[in-house]
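Here's the letter readout for the chains.
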Amino acid sequence: RTVGDLFDTTRNTMPMNQPDSLTAKQYVDLVAYLLQANGFPAGKDELTGDSQALKGIVIEKKSNTK
């Protein structure tokens, strides 16, 4: 899955009573917060509301290998 998938899902389902009612910037800020809160490293560039560009960022499961 990609950050673009997360962005699209968030935009299409939140808030529950009024999906797609926030700005692209508000949704991308929410996605950035979700990624940060779940321990994903920050990139060198700020995320944008461009869904296609976000689809190029793959979310990979962390390996617990030590």
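Note: the structure precedes this text.
Residues numbered from 1 in each chain as written. Predicted model: local features only at pLDDT ≥ 70, side-chain atom pairs only at ≥ 80, totals over all residues. Heavy atoms only, no water.

> Quick one: what's the story with the packing of helix H1 (residues 3–13) against helix H2 (residues 24–37), residue by residue and with numbers?
Across the interface, H1 lies against H2 with an axial gap of 10 Å and an inter-helix angle of 120°. In terms of orientation, H1 and H2 fall into the oblique class. The handedness of the crossing between H1 and H2 is right-handed. The residues of H2 that touch H1, namely those facing Val3, Leu6, Phe7, Thr10 and Arg11, are Ala24, Tyr27, Val28, Leu30, Val31 and Leu35. Residue classes in the contact of H1 with H2 are distributed as nine nonpolar, one polar and one charged. (Axes fitted to C-alpha atoms, helices over the stretch in contact; angles between N-to-C directions. Helix = DSSP H or I, 4+ residues; strand = E, 2+ residues; numbered from the N terminus. Parallel < 35°, antiparallel > 145°, perpendicular 65-115°, else oblique. Left-handed = near helix turned anticlockwise from the far one by under 90°. Contact = heavy atoms within 4.5 Å. Nonpolar A, V, L, I, M, F, W, Y, C, P; charged D, E, K, R; others polar.)

> An account of the layout of surface pockets is needed here, citing residue identities and associated values.
When its volume is computed, the largest pocket comes out at roughly 480 Å³. Lining the largest pocket are 19 residues; nearest its centre among them are Leu35, Pro41, Ala42, Gly43 and Leu47. Contributions of two or more residues to the lining of the largest pocket are made by H2 and helix H3 (51–54). Looking at which element gives the most residues to the lining of the largest pocket, the answer is H2, with three residues. Residues of the lining of the largest pocket, tallied by class, amount to 12 nonpolar, three polar and four charged. (1 Å grid on protein atoms, 1.4 Å probe; cavity = no way out; pocket = protein on both sides within 12 Å on 5 of 7 lines; lining within 4 Å. Points joined across faces, edges and corners; volume = space filled by probe spheres on them.)

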